[in-house]
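A structural walkthrough
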Amino acid sequence: MTVPASFAPIEWTTGGVRILDQSHLPEREVYLDIRTADAMAEAIRSLRVRGAPLIGIAAAMGLAVAAEDAAEAGMLTPAWFHSAADLLQATRPTAVNLPWALDRMRQRATAAFADRKWGREVSQALRDEAQRIWDIEAGMCVAIGEAGAELITPGSTVLTHCNTGRLATGGLGTALAVISEAHARGMEIDVVVTETRPLRQGARLTAWELAKAGIPARVIVDGAAASLMARGEIDLVITGADRIAANGDVANKIGTYALAVLADAHGIPFYVAAPLSTFDVSLRTGDAIPIEERGPEEIDPAPGVEAYNPAFDVTPASLLAAIVTDRGVLRPPLEAAIAALSS
Ligand code: MRU
């Protein structure tokens, strides 16, 4: 039994798509109504809506409502559609859930145009597809939570990084779904959340979600993870992922690789939880995963000194104890397990 959501990170409204603007959390719950591809692109770029699965869902929903207006204005052509989809796809490069969702939308549009559908018929097909993408992602979260909870021993202390809950997925979450499910099963786990510099998704967002769900947790600064592990205060680490290559290398929020190295050095299992939409088997290894670089203002160094701000890193497959997916738990050798998934 999982706790019902007390907030909606995204929803359809009569005026378009409403997102919870995560840039104001935890201080204020501000909602934004979006009706154009430009506005949704801005929201994704500025991390008002964020997290690998949720940016795919948001882009698809934004495209669907923008298409409704284009249909009204008689402008919903293949050229209009693909240029709006290109704009949304260019917002953030690392999470593969974004092109995964937009490719589904492109296929749906192409099929509708090929069937000589036009105007409202096409925009309705796009709305149906966006809802389908959301349903699929939400369904995969449930399965991840159930599979992952099996890995958790009652009473253990679980460390997690960044934000992988409802705010990141539109469903129960990835790593956070595992944590919520373990809590819901009465396992009395202790949750340690890293702050996740520079944008503090752990301290601001994961802590906010866990507090709302009534799951006890402690936030630590990123630099405290090593000493907690050395003192035997962490039993396992679980994070989400933004893109997983065919060999099992995992791109996730900057700092994930450091946690995996630390876990390995201290003999602590390191797990990644991700849905099938996060796997990119077209890339052989993590070296090919594009890593987003964000602006210096997020780090804000003293004047006269530059900032360097890669937002993600790649954890080699060799450091993973397992990947929890909606199709079950994948164990090393991960390359073979991933190949079996997609065959
Ligand atoms: O830059 P963000 O906040 O979109 O980064 C999000 C993450 O890295 C999450 O860990 C991730 O998307 C994994 S699973 C939902």
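Each remark here, short or long, concerns the structure printed above.
Residues numbered from 1 in each chain as written. Predicted model: local features only at pLDDT ≥ 70, side-chain atom pairs only at ≥ 80, totals over all residues. Heavy atoms only, no water.

1. Structural notes on the nonpolar core
Counting residues in hydrophobic clusters, the biggest one holds 43 residues, and the most contacted among them are Met40, Phe81, Leu88 and Met105. Mapped by element, the contributors of at least two residues to this core are strand E2 (16-20), helix H1 (37-45), helix H2 (52-72), helix H3 (78-89), helix H4 (97-114) and helix H5 (120-149). Tallying contributions element by element places H2 first for this core, with 15 residues. If we ignore the near neighbours within four places in the chain, the residues touching Leu88 are Ala37, Met40, Ala41, Ile44, Ala59, Leu63, Leu98 and Leu102. Judged by nonpolar contacts, the second largest core, of 29 residues, contains Leu228, Ala317, Leu330 and Leu341. (Core = buried A, V, L, I, M, F, W, Y, C linked by side-chain atoms within 4.5 Å. Buried < 20%, exposed > 50% of the residue type's maximum accessible area, 1.4 Å probe, protein only. Helix = DSSP H or I, 4+ residues; strand = E, 2+ residues; numbered from the N terminus. Contact = heavy atoms within 4.5 Å.)

2. Thoughts on the sheet that holds strand E5 (residues 190-194)
Pairing within the open sheet is mixed, and its seven strands lie in the order E6-E5-E4-E7-E10-E13-E14. The two strands at the open ends of the sheet, each matched to only one other strand, are strand E6 (217-220) and strand E14 (328-330). The average undirected angle you get between the axes of adjacent strands in this sheet is 25°. Relative to strand E13 (residues 322-325), strand E10 (residues 270-273) is paired through three bridges, and the arrangement is parallel. By the bridge assignment, Tyr271 is partnered in E13 with Ala322. The strands touched by helix H11 (residues 334-342) are E13 and E14; relative to E14, the strand with the most contacts, the crossing angle is about 140°. (Pairing = 2+ DSSP bridges. Axes fitted to C-alpha atoms, helices over the stretch in contact; angles between N-to-C directions.)

3. Details of the site of the ligand
As a matter of local geometry, the ligand sits amid 19 residues, with Arg50, Ala52, Arg92, Gln201 and Lys253 nearest to it. Here an oxygen atom of the ligand sits 2.5 Å away from a polar atom, N or O, in the side chain of Arg50. Taking 410 Å² as the accessible area of the ligand by itself, protein coverage stands at 99%. Those elements that provide at least two residues to the shell around the ligand are H2, helix H6 (166-169) and strand E9 (250-253). Considering only residue class, the shell around the ligand consists of seven nonpolar, eight polar and four charged. Mapped onto the domain boundaries, the shell around the ligand takes at least three residues apiece from domain 1 (10-141) and domain 2 (147-342). (Near = heavy atom within 4 Å. Polar contact = N/O pair within 3.5 Å; in protein donor to acceptor, adjacent residues only side chain to side chain. Areas by Shrake-Rupley, 256 points an atom, 1.4 Å probe, with all protein chains shown as cover. Nonpolar A, V, L, I, M, F, W, Y, C, P; charged D, E, K, R; others polar. Domains from an automatic or database assignment.)

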